[in-house]
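Close look at the chain arrangement
For reference, the chains in residue letters:
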Amino acid sequence: MIYADHAATTRPGPEALCAMRVCLEENWGNPSSLHQSGQRAAAALEDARRRVAACIGASPREIYFTAGGSEADNQALCSAARAGARRGRTHIVSTAFEHHAVLHALEALAEEGFEVQLLDVPPDGVVSAAQVAAAIRADTCLVSVMSANNELGTVQPVAELGALCRARGIPFHTDAVQAAGHLPVDVAAQQVDYLALSAHKFGGPKGAGVLYARRGLPVAPLIRGGAQERGQRGGTENLPALAGMAAALEASCRTLEAEARRLTRLRDRLTDGLSRIPHAALNGDPARRLPGHVSFCFEGVEGESLLLLLDEAGICASSGSACTSGSLEPSHVLLAIGRPAELAHGSLRLTLGPENTEADVDAILEAVPAAVARLRAMSPLWRDKINGKKPFLL
Ligand SMILES: *Cc1c(COP(=O)(O)O)cnc(C)c1O
């Protein structure tokens, strides 16, 4: 099997497994207990916090552990928005191609009375600081732009956006779930106020994440309970997952540069090969993108059918994002960059990770053109295009 769906989730790495095993077998105490078993667990929890903080240029006090990226996004947005509302500011700026964890949290805030402005995304999949600057108003209480898009792979100008928001005194949140462990993340250098990351996107376990909130900025709990996470996230800490996350983040940051160079080479080879398929196009900017991320539209092909054929050939890929597959709605991200619905239905996302090799790329470059040709041969729509009855879009 060739697993090429690392934007959906990654295989837990050896560092995470080892750290998790220690917690499950030996360090299973409750960090809130005052006895030695609890205190050992509490020390391990604070160790995980220090290590995560060091990887993103934060101080440990600015790290709040959550049960994943979605929770961290929700908590960041709600914390900043409610604090804004208390000062009479209810305008929120974000983008049309955010992950649903952000978009749906913003929808809920809109129902509460916030005015949510979603910026259009240019065809290259990169939002500009000028767009954000033009949208900011006197009553803006929050700007939220993701660090890298999960479907397109395009990387956003986070440091520029951070500098802009800092200069205007507006809290800036970034969903860094796709970036963390793959691109350098430095909350100080990038002037980020709130940031979300998720362990299972960089070789850690599912159900563990981080909300970074800059010192002095408001954080409000979504889950009320005990005094865990300084009262901002109730519930006994999932120490095995959190320790696994810290170990995985450290490991990926250690090898980040070399791995990024290796994956960029594989990615560009894959892009070149797929570009030879007629009536196909890469989605998003070819260079300003995540190292292992390739997203294509193939005309006259149904994305879900392509996935099934590739799965038969032993290749795990995705059409759009894992979160929307299963629904027949075209991807909101591909629509946001201006792909017509017909093309958005024919998308393929291949995301490479640590275990992928050049041989994998060769195998994918054999399988995809064959599958596309097979599906086109069966497609009435494709026949109409070939016969000139319907126009080609690409
Ligand atoms: C996966 C993902 C999330 C959600 O993270 P979970 O830990 O699965 O809740 C949020 N944002 C982006 C960009 C993602 O890729």
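Residues numbered from 1 in each chain as written. Predicted model: local features only at pLDDT ≥ 70, side-chain atom pairs only at ≥ 80, totals over all residues. Heavy atoms only, no water.

1. A look at helix H4 (residues 100-111)
Helical periodicity: at 3.6 residues per turn, an α-helix aligns residues three or four positions apart in one direction. Let me state the cut-off plainly: Helix numbering and strand numbering both begin at the N terminus, where a helix is a DSSP run of H or I of at least 4 residues and a strand a DSSP run of E of at least 2. Helices are assigned an expected span. That span is 1.5 Å times one less than the residue count. Think of it in three bands: with a 1.4 Å probe and only protein chains considered, a residue is buried below 20% of the maximum accessible area for its type, exposed above 50%, and partly exposed in between. Residue contacts follow a heavy-atom distance rule, with two residues in contact if any of their heavy atoms lie within 4.5 Å.
In a regular helix each residue adds 1.5 Å, so twelve residues correspond to 16 Å; H4 covers 16 Å between its end C-alpha atoms and thus fits that length. Every buried residue belonging to H4 is among Ala101, Val102, Leu103, Ala105, Leu106 and Leu109, and all of these are buried. The inward-facing, buried residues of H4 contact helix H3 (69-86), strand S3 (91-95), strand S4 (115-119), strand S5 (140-144), strand S6 (172-175) and helix H10 (332-336). With its phi angle positive at about 115°, Gly113 sits one or two positions after the end of H4.

2. Points about helix H1 (residues 14-25)
Note the cut-off: Taking the helix axis as origin, the arc is that swept by the directions to the C-beta atoms.
Helix length check: H1 (twelve residues) gives 16 Å between terminal C-alpha atoms against 16 Å at 1.5 Å per residue, within 8%. Buried residues of H1: Ala16, Ala19, Met20 and Cys23, and no others. Buried residues in H1, looked at end-on, bunch into an arc of 100°, giving them a common side. Facing away from the buried side of H1, by more than 90 degrees, are the exposed residues Pro14, Cys18 and Arg21. The inward-facing, buried residues of H1 abut helix H7 (239-254).

3. Brief notes about the nonpolar core
This is how it is decided: Buried Ala, Val, Leu, Ile, Met, Phe, Trp, Tyr and Cys residues form a nonpolar core when they are joined through side-chain atoms within 4.5 Å.
Ranked by size, the top nonpolar core spans 65 residues in total, and within it Ile56, Phe65, Val132, Val143, Leu195 and Met245 carry the most contacts. Ranked by residues supplied to this core, first place goes to H7 with nine residues. In this structure, Val132 is in contact with Leu119, Val127, Val143, Val145, Leu161 and Leu164, ignoring residues within four places of it in sequence. Grouped together as the second largest cluster of nonpolar side chains are 29 residues, Ala4, Val301, Leu307 and Ala367 included.

4. With respect to the packing of aromatic side chains
Put simply, the rule is: Working definition: rings of Phe, Tyr and Trp (its six-membered ring) pair if their centres are within 6.5 Å, and the pair is stacked with planes under 30 degrees apart, edge-to-face with planes over 60 apart, and tilted otherwise. As a reminder, the over-ring test applies to NZ of lysine and CZ of arginine, requiring each to be within 6 Å of the ring centre and within 35 degrees of the ring normal.
Following the criterion strictly, the structure yields two aromatic pairs and no others. Both rings, one in Phe296 and one in Phe298, keep their centres 5.7 Å apart while their planes meet at 15°; by these two values the pair is stacked. Judged by relative accessible area, Phe296 falls into the buried class, the value being 1%. According to the relative accessible area criterion, Phe298 is buried, its value standing at 0%. Note that Arg230 overlies the ring of Tyr64, its terminal NZ or CZ placed 4.4 Å from the centroid.

5. Considering the environment of Asp384
Secondary-structure assignment places Asp384 in helix H13 (residues 380-386). Classification of Asp384 by relative accessible area gives partly exposed; the value is 21%. With 84 residues separating them along the chain, Asp384 and Gly300 place their C-alpha atoms 9.7 Å apart. Setting aside residues up to four positions removed in sequence, Asp384 forms contacts with Lys389 and Lys390.

6. Remarks on the sheet that holds S3
Under the convention used in this document: When DSSP finds two or more bridges between a pair of strands, those strands are recorded as paired. Note on geometry: axes are C-alpha line fits, over the in-contact stretch for helices, and angles between N-to-C directions span 0 to 180 degrees.
The seven strands lie next to each other as S2-S8-S7-S6-S5-S3-S4, forming an open sheet whose pairing is mixed. Of all the strands in the sheet, the pair left with one neighbour each is strand S2 (63-66) and S4. Here the average twist between neighbouring strands, direction ignored, is 20°. Sheet topology places S3 next to S4; five bridges connect them, and they run parallel. Note that in S4 the partner of Ile92 across the bridge is Val116. The sheet contacts of helix H2 (residues 36-56) involve S2, strand S7 (194-198) and strand S8 (209-213), and relative to S2 the element is tilted by about 115°. Each of S3, S4, S5 and S6 touches H4; the most contacted strand, S3, lies at about 155° to it.

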